[in-house]
Amino acid sequence: MKSLFNKRLHVLGIAAAALLIGCSGGESGTGMQANQTTTTGEITGFGSVYVNGIKFDTNQASVDVDGTPSTESALAVGMVVTVTGSVNSDGLTGTANAITAKTEVEGLVFANDVATNNTLNVMGQIINVSNDTKFKSEITGITTVDQLVANVSVVEVSGYSDGQGNIYATYIKALDSNEVKLHGVVQGLDGNTFQIGSIDVTFDASTQFEDMTQDDLADGIYVSVESSNFTGEPVLASEIELEDFSETEGSLYELEGIVTDITNIGSGEFAVNGRVV
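On a predicted model such as this, the values are computed, not experimentally measured, just so you know.

Within the protein, the secondary structure is distributed over 2 helices and 26 strands. For the protein, with 277 residues in total, the buried portion stands at 47%. As displayed, the protein offers around 12700 Å² of accessible surface, 47% of which is attributable to carbon and sulfur atoms.

Shown next as structure tokens:
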């Protein structure tokens, strides 16, 4: 299987420099000067947590997985997480205050073309799979990605999304579940229906809105959609949440991901995972 991550960009140096906002220091537990930081990237190891080449001490860190308080045991190598905390002056060690993991898509495998072109179709999202993609399974008899069964297997995917229905997977897990989670840019909003990628989403009076109201829903915004009981299209949303990126004065932000826009924003700027740098 050859790598399909040709559009993925490791932008730690670029993004960190671009999003340095009056970086302030504080004393770390090691005695080295530390900078407050937010780091988004793939977990590459444990014994503490390694993200973007930094070993974060997690003894005092809270862990949140898809909006639910959890523990470090719920994390896995390959998951993309956001770590808030501090990084020491060596740039290699730090202390995590909070770790947040977010599934890019969770739902039914519509098509499995891994054997022919290294892709899955999961709920209308095109999942690009490479040799580096980590895979776990809760299902007996399924041990590799190419064994996932179209219209039967349910998976969760962590990785980097362009917001338009393409995800570069770093971690895939086969699940025993009928829940659905989608992330992406709202398109074609018409009444109580819109699209995430190629999937139709609808909402009604039972749908909960998080960090937004129904009136805030508009084409072009980045949201997460959850459905507690998927039965087919359109996906009836049980929850719609605005996904917003806000910078904090005095902090450093490090980001790894794919360039999603270089032509439609201001001069000298580009977007990584939908975030303007």
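Let us look at the layout of surface pockets. A volume near 230 Å³ is recorded for the second largest pocket. Lining the second largest pocket we find 17 residues, and of these Val65, Ala74, Met79, Glu156 and Lys173 sit closest to its centre. Mapped onto the lining of the second largest pocket, the elements with two or more residues apiece are β14 (154-161) and β15 (166-175). Here the lining of the second largest pocket takes 3 residues from β14, the largest share from any one element. Tallied by class, the residues present in the lining of the second largest pocket amount to 8 nonpolar, 3 polar and 6 charged.

Our next topic: the pattern of salt bridges. By the definition in use, this model includes 4 salt bridges. Note that Lys102 and Glu104 form a salt bridge whose closest N and O atoms lie 3.4 Å from each other. Here Glu104 falls in the buried class, since its relative accessible area comes to 6%. Of the charged contacts, one joins Lys173 and Glu138 as a salt bridge, the two residues approaching to 3.5 Å between their closest N and O atoms. Within this pair, whereas Lys173 is found in strand β15, its partner Glu138 is found in the loop between β13 (134-137) and β14, the two being separated by 35 residues in sequence.

Within the chain, Asn52 stands out as a residue other than glycine whose phi angle is a positive 55°. Looking at the element boundaries, Asn52 is found in the loop between β4 (49-51) and β5 (54-57). Despite not being glycine, Met123 shows a phi value in the positive range, around 55°. Mapping Met123 onto the fold places it in the loop between β11 (119-122) and β12 (125-128).

With that settled, consider the environment of Thr95. Here Thr95 lies in strand β9 (residues 93-101). Given a relative accessible area of 29%, Thr95 falls into the partly exposed group. Apart from the residues within four sequence positions on either side, Thr95 is in contact with Phe56, Asp57, Thr84, Gly85 and Ser86.

Counted by the stated rule, this structure contains 2 aromatic pairs. Look at Phe203 and Phe209: their rings are 5.8 Å apart centre to centre, the planes differ by 85°, and that puts the pair in the edge-to-face class. Accessibility expressed as a relative area gives 4% for Phe203, which makes it buried. By relative accessible area, which is 18% here, Phe209 ends up buried. Members of the aromatic cluster, connected to one another through ring pairs, are Phe194, Phe203 and Phe209.

Mapped onto the fold, Ser153 is located in the loop between β13 and β14. Those residues in contact with Ser153, other than ones at most four positions away along the chain, are Gly107, Leu108, Val109, Ile142 and Leu148.

So, about the pairing of β9. Note that β5 and β9 share 3 bridges and pair parallel. Bridging from a neighbouring strand, Lys55 pairs with Thr93 of β9. Strand direction decides the pairing type here: strand β6 (residues 62-65) and β9, joined by 4 bridges, are parallel. Bridge pairing in β9 links Val63 to Ile99. Alignment of strand β8 (residues 80-88) against β9, held across 7 bridges, turns out to be antiparallel. Residue pairing in the sheet places Val83 in a bridge with Ile99 of β9.

The rules behind each value
- Residues numbered from 1 in each chain as written.
- Predicted model: local features only at pLDDT ≥ 70, side-chain atom pairs only at ≥ 80, totals over all residues.
- Heavy atoms only, no water.
- Helix = DSSP H or I, 4+ residues; strand = E, 2+ residues; numbered from the N terminus.
- Buried < 20%, exposed > 50% of the residue type's maximum accessible area, 1.4 Å probe, protein only.
- Areas by Shrake-Rupley, 256 points an atom, 1.4 Å probe, with all protein chains shown as cover.
- 1 Å grid on protein atoms, 1.4 Å probe; cavity = no way out; pocket = protein on both sides within 12 Å on 5 of 7 lines; lining within 4 Å.
- Points joined across faces, edges and corners; volume = space filled by probe spheres on them.
- Nonpolar A, V, L, I, M, F, W, Y, C, P; charged D, E, K, R; others polar.
- Salt bridge = Lys/Arg side-chain N within 4 Å of Asp/Glu carboxyl O.
- Contact = heavy atoms within 4.5 Å.
- Phe/Tyr/Trp six-rings, centres within 6.5 Å; stacked < 30°, edge-to-face > 60°.
- Pairing = 2+ DSSP bridges.

No statement about biological role is implied by the geometric values presented.
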